[in-house]
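# Breakdown of the fold
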Amino acid sequence: IWYADSDWAREVLLPTVEKYLDSLHGQYPIQYLKAEDLYKKILPTNEDDEDLFDKACEMLDSTDNLRALEIFNYLIYRAETPYKVCLAKYYKGLALERLLLYDEALNTYKQVAYEFNNLDEDEKLTSVDLGCYWQIGRINSVTGKNSIAYEMWEKLFNEETDIQARCDALIRMMDICQYEENWNQLKALLNA
């Protein structure tokens, strides 16, 4: 502010900046995401579900999250099995998260974990629920809801079979204990 209050800034810099901003007016409109955009689907297509799924995943990797979201919404609508619904919803959660819509992503992950756990064992092709628990734990850690995050890491520590994933969960639980200065719980983790 003190810099902009100088005579030079008032007479030279600010008019130049204002002129530049005026020249851009209307060229780059600010776009806002509306609630209905979260449920928008692509137009019906004859494209194979696997190809659409791969295309949407590529879009997630290239940060075209809104378009990926539209494809995942379509795949949810068109899914032939409950497992495919869960998988498409899980990836929808990733797209929502990448759009910084954490509450919507959390709700989606919770819904997927619930629906996945209600599937018959022979319908479960991968552990989508564990992916949801990772995401729920991570988002809650980032947003400061450590008790919920701790529960997710603990669940993962107990359910994961991969040693690296178990170590990651344990480290995250230890980080929360250290952050909250819960030395007794940290000591219990170290002795477990």
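Above this text is the structure in question.
The present account deals with the structure reproduced in this document. (Residues numbered from 1 in each chain as written. Predicted model: local features only at pLDDT ≥ 70, side-chain atom pairs only at ≥ 80, totals over all residues. Heavy atoms only, no water.)

Glancing now at the pattern of salt bridges. The final tally for this structure, using the stated rule, is 9 salt bridges. Notably, a salt bridge pairs Arg10 with Asp7, separated by 2.5 Å at the nearest N-O pair. Of this pair, Arg10 and Asp7 are both found in helix H1 (residues 7-24), 3 residues apart, which corresponds to roughly one turn of the helix. The exposure class assigned to Arg10 is partly exposed, which follows from its relative accessible area of 44%. The class for Asp7 is partly exposed, based on a relative accessible area of 48%. (Salt bridge = Lys/Arg side-chain N within 4 Å of Asp/Glu carboxyl O. Helix = DSSP H or I, 4+ residues; strand = E, 2+ residues; numbered from the N terminus. Buried < 20%, exposed > 50% of the residue type's maximum accessible area, 1.4 Å probe, protein only.)

Looking now at the environment of Asn117. Inspection of the secondary structure puts Asn117 in helix H5 (residues 102-117). Between the C-alpha atom of Asn117 and that of Val128, which follows or precedes it by 11 residues, the distance is 9.3 Å.

This brings us to unusual backbone geometry. In this model, Thr63 sits at a positive phi of 65 degrees, which is unusual for a non-glycine residue. With respect to the helices and strands, the residue Thr63 is situated in the loop between helix H2 (49-61) and helix H3 (65-78). Taking the relative accessible area as the measure of exposure, Thr63 reaches 61% and is therefore exposed. Even without being a glycine, Glu181 presents a positive backbone phi close to 55 degrees. Within the element layout of this structure, Glu181 appears in the loop between helix H8 (163-179) and helix H9 (183-191).

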